[in-house]
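Coordinate analysis (summary)
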Amino acid sequence: MTNISVAELKEKAKQLRNLIIDTTVWAGSGHAGGALSSADILIALYFKYLNVDPKKPCWEDRDRFVLSKGHAAVGYIPCLALKGFIDKEGLKRFNHFKSPYGMHPDSLKVTGCDASTGSLGHGLPMGVGMALGAKVQKKAYKTVVLLGDGECNEGSNYEAMMSANHYKLDNLIAIVDRNKFMIDGPTEEVMSLEPFAAKWTAFGWNVIEVDDGNNMEKVCAALDTAWEHKGSPTVIIASTVKGKGVSFMENQVVWHYGALDSSQVEQAKADIANS
Amino acid sequence: MAEKKSVTGTTWNCYDANTMSAKEIYGRVLRQLAEDNPKIVGVTADLEKSTNIGIFGKAFPDRMFNVGIAEQNLFGVAAGLAKSGLIPFASTFAVFASMRAAEQVRSDICYQKLPVKIIATHAGISFGQAGTTHHCTEDLAIMRSFANMTVIVPADGAETGRAVEACLDIDGPVYIRVGRGFEPPYHKDQDFEFTIGKGELVREGSDATIITCGIGVLQSAVASDELKRMDGLSVRVINMHTIKPIDKEIILDAVKSTRRIITLEEHNVIGGLGDAVASVIAESGKGCAFTKLGLQDEYSLVGYPEDLYSHYKMDTSGIVDSVREIMGREFEADEDWADEV
């Protein structure tokens, strides 16, 4: 765990939000809404909690991170750039012909990326395998999986939840970016998830609910607790705002995915600066 | 060849191959390999006993994970275990590995080129009485369409042992397909060449060639012997144990030498061995008479496997009939092989 202040983390989160906007422009379009809702969690993980080293991306004792909501690559890959795993210049070719960076991350092409994702419901099973692998090999690393809330409609997550508890994987932390929207609308209208925390509790997980997953103090407090918890896997259900930090995107289902014109970019940058 | 250690407590030779199913030998070979390789772990979905991966699991309980009846999780977990530096052997029925969890196998394992070794049992129609939900006549088509995947169909238990051992040398995923029970073996001992990607010449022949895999190898060898005795025909038999990458050389030599080719597989004739062979022939520009034996794009019947093999012309007499049919077919042989494309 890195010794870094909340103020510094907040500043990093602003940098990431700006880079998400830039990358969305370079890419032509992107899943800005779900990337912005995850930004504070990603920054907390990569700049404080995850034991990773950009100079040794394949170091076998590193903590593992799986972006199960792979469509947030437009937030994740810029985060890896800020951390120093990849060159920021490369982001200018995001989505372009033969770019290593596309809408969903490819672990064989993105330095520092531990799992190729994109198809929802795949990250948690892989995370269970990584955590189990640590136990088998008596390694101390932790595995963190970031899921979308809409993604939790996928049945494979519940298979993985069952097995994580069965194997008592206290080295596994799931974080759900509960921004309450999916492509076709609010999660509770499309396919209701509630009672959501109770589902994880019923599956034997240690549940930490964060009422504001875009508040860095609260995100860090939850991660502090999760990092220390023993005996069962932990899930942090972080209530976030889709499109957080950009006024015209916040809680707007249309900003699940889209392109930005120059005036929108200007507005977005101003909003981020003032946040 | 390196000296083989016993996998049975007695010997691993003729005796074993004649009395043990392919999956039993798989479990024993895996147990043996795991003694020297601490990276090997096992995963299954409530089929520890049925797939015989439990033989390994009993010896190494700390390295065996039964995720319950949850095949999507099975292959996702296998991918994660491989990501952590281990070599997972994942076993379930072929139908679940190739279809219930197809996307996990493709996106989690093959796309990331992970060294997950899938040993799929009860393939084809070997679980005859169980019916179509438990048969699997599509897996070769599915698995060979996944980039990075190596696809192997051993002829019998002895060859399964060799394949399980050899798959550790492949830097990536491997799909090994075996049957359910005791399918009589073709190989009578361990003394045969086995190289992934190289077909095995089982019978020499100049009139026609049967290219087959799995249970078809023994049946075709016997059919070749019968045809020689009864009809004076010289029928070549190739054990194409590796469906992908396929041995083009042995196929083209058979086309050149015999100009009549029959493929036989315990699979739908769409997308499996027959189509893999057909592609090689079509791309070569050579002509030949060609027949694909297997399930003719239909769902399988219920019955004891031997009755089903007979019904689908996968047994000796069905093969004999098919060879006679293809020998009677008009085919204009072009002697000027060198002039062709």
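Thresholds, definitions, all that
Residues numbered from 1 in each chain as written. Chains lettered and ligands numbered in written order. Predicted model: local features only at pLDDT ≥ 70, side-chain atom pairs only at ≥ 80, totals over all residues. Helix = DSSP H or I, 4+ residues; strand = E, 2+ residues; numbered from the N terminus. Rg over C-alpha atoms; globule rule 2.2 N^0.38 Å. Buried ≥ 20, exposed ≤ 12 C-beta atoms within 10 Å, placed from the backbone. Contact = placed C-beta atoms within 7 Å. Core = buried A, V, L, I, M, F, W, Y, C linked by C-beta atoms within 7 Å. Pairing = 2+ DSSP bridges. Axes fitted to C-alpha atoms, helices over the stretch in contact; angles between N-to-C directions. Parallel < 35°, antiparallel > 145°, perpendicular 65-115°, else oblique. Left-handed = near helix turned anticlockwise from the far one by under 90°. Nonpolar A, V, L, I, M, F, W, Y, C, P; charged D, E, K, R; others polar. Domains from an automatic or database assignment.

When helices and strands are tallied, chain A shows nine helices and seven strands. Scaling as 2.2 N^0.38, a compact globule of 275 residues should have a C-alpha radius of gyration of about 19 Å, and chain A matches this with 17 Å. C-alpha atoms of chain A, sized along the principal axes, occupy 50 × 45 × 35 Å. The buried share among the 275 residues of chain A stands at 52%. Restricting to contacts in chain A with at least 6 residues of sequence separation, those with at least 24 account for 77%.

What follows concerns the environment of G128(B). Residues and elements named next belong to chain B. Looking at where G128 falls in the secondary structure, it is placed in the loop between strand 4 (117–121) and helix 8 (139–144). The sequence separation of G128 and K49 amounts to 79 residues, and the corresponding C-alpha distance is 19 Å. Each residue touching G128, except ones within four places of it in the same chain, is listed here: V302, G303, Y304, P305 and L308.

This part takes up the nonpolar core. Among the nonpolar cores identified, the biggest contains 183 residues, and I236(A), L74(B), A78(B), I118(B) and I176(B) are the most heavily contacted of them. Sorting elements by how many residues they give to this core places helix 2 (residues 32–49) of chain A first, with 11 residues. In contact with I236(A), not counting residues within four places along its chain, are I173(A), I175(A), I208(A), V210(A), A222(A) and A226(A).

The next subject is the environment of G102(A). You can see G102(A) is positioned in the loop between helix 3 (73–83) and helix 4 (123–136). Owing to 18 C-beta atoms within 10 Å, G102(A) belongs among the partly exposed residues under this scheme.

This brings us to the sheet that holds strand 3 (residues 172–178) of chain A. Residue and element names in this part refer to chain A. With parallel pairing, five strands are arranged side by side in an open sheet as 1-2-3-7-6. Both outer strands of the open sheet, strand 1 (64–67) and strand 6 (206–210), are each paired with one neighbouring strand and no more. Sheet twist, expressed as the average angle between the axes of neighbouring strands with direction ignored, equals 15 degrees. Sheet topology places strand 6 next to strand 7 (residues 234–239); five bridges connect them, and they run parallel. Looking at the pairing, V207 lines up with V235 of strand 7. Sitting on the sheet, helix 2 is in contact with strand 1, strand 2 (143–148), strand 3 and strand 7, with an inclination near 150 degrees to strand 3.

Accessible area lost upon the coming together of the parts is a frequently used measure of interface size. Listed by partner, the interface residues are 24 residues for chain A and 25 residues for chain B. Among the secondary structure elements, those contributing two or more residues to the side of chain A that touches chain B are helix 4 and helix 5 (155–166) of chain A. Of all the elements, helix 4 of chain A adds the most residues to the side of chain A that touches chain B, at 10 residues.

Let us now look at the packing of helix 1 (residues 6–27) of chain A against helix 3 of chain A. Residues and elements named next belong to chain A. For the pair helix 1 and helix 3, the least separation of the axes is 9 Å and the interaxial angle reads 120 degrees. If you check the angle between helix 1 and helix 3, you find them oblique. Along this stretch, helix 1 crosses helix 3, giving a crossing that reads as right-handed. Residue-level inspection shows K12, Q15, L16, L19, I20, T23, T24 and A27 of helix 1 in contact with helix 3, the latter providing V74, G75, P78, C79 and L82. Of the residues belonging to the contact of helix 1 with helix 3, the class tally is eight nonpolar, four polar and one charged.

A few words on helix 7 (residues 102–110) of chain B. Across the nine residues that make up helix 7 of chain B, a large majority, eight, are buried. Within the span of helix 7 of chain B, buried status applies to A102(B), Q104(B), V105(B), R106(B), S107(B), D108(B), I109(B) and C110(B). Each element contacted by the buried residues of helix 7 of chain B is listed here: helix 4 of chain A together with helix 5 (71–83), helix 6 (94–100), strand 4 and helix 8 of chain B.

Let us now look at the domain arrangement of chain B. Residue and element names in this part refer to chain B. Each domain of chain B was delimited in the assignment, giving domain 1 (14–177) and domain 2 (200–328). In this assembly, 21 residues from domain 1 lie in contact with 26 residues from domain 2. When residues of the side of domain 1 that touches domain 2 are traced back to their parent elements, those giving at least two are helix 8 and strand 5 (150–152).

A few words on the sheet that holds strand 9 (residues 235–239) of chain B. All names here are of chain B. A sheet is described by the order of its strands in space; here five strands give the open sequence 7-9-8-11-12, paired in mixed fashion. The open sheet terminates on both sides in strands that have one partner only, identified here as strand 7 (200–203) and strand 12 (289–295). This sheet shows a mean twist of 25 degrees between the axes of neighbouring strands, independent of strand direction. In terms of strand pairing, strand 8 (residues 208–212) meets strand 11 (residues 260–268) through four bridges, oriented parallel. Its bridge partner lying in strand 11, T209 is registered against I261. Sitting on the sheet, helix 11 (residues 248–258) touches strand 8, strand 9 and strand 11, and the angle it makes with strand 8 is about 160 degrees. Running at roughly 145 degrees to strand 11, helix 12 (residues 273–284) makes contact with strand 8, strand 11 and strand 12 of the sheet.

For the pair helix 5 of chain A and helix 5 of chain B, the least separation of the axes is 8 Å and the interaxial angle reads 65 degrees. Considering their axes alone, helix 5 of chain A and helix 5 of chain B lie roughly perpendicular with respect to each other. When you trace helix 5 of chain A past helix 5 of chain B, the crossing you get is right-handed. Together, S156(A), E159(A), A160(A) and S163(A) of helix 5 of chain A and Q72(B), N73(B), G76(B) and V77(B) of helix 5 of chain B make up the contact between the two elements. Here the contact of helix 5 of chain A with helix 5 of chain B is composed, by residue class, of two nonpolar, five polar and one charged.

With that settled, consider the environment of K198(B). Mapped onto the secondary structure, K198(B) falls in the loop between strand 6 (174–177) and strand 7. Overall, the presence of 15 C-beta atoms within 10 Å leaves K198(B) in the partly exposed class.

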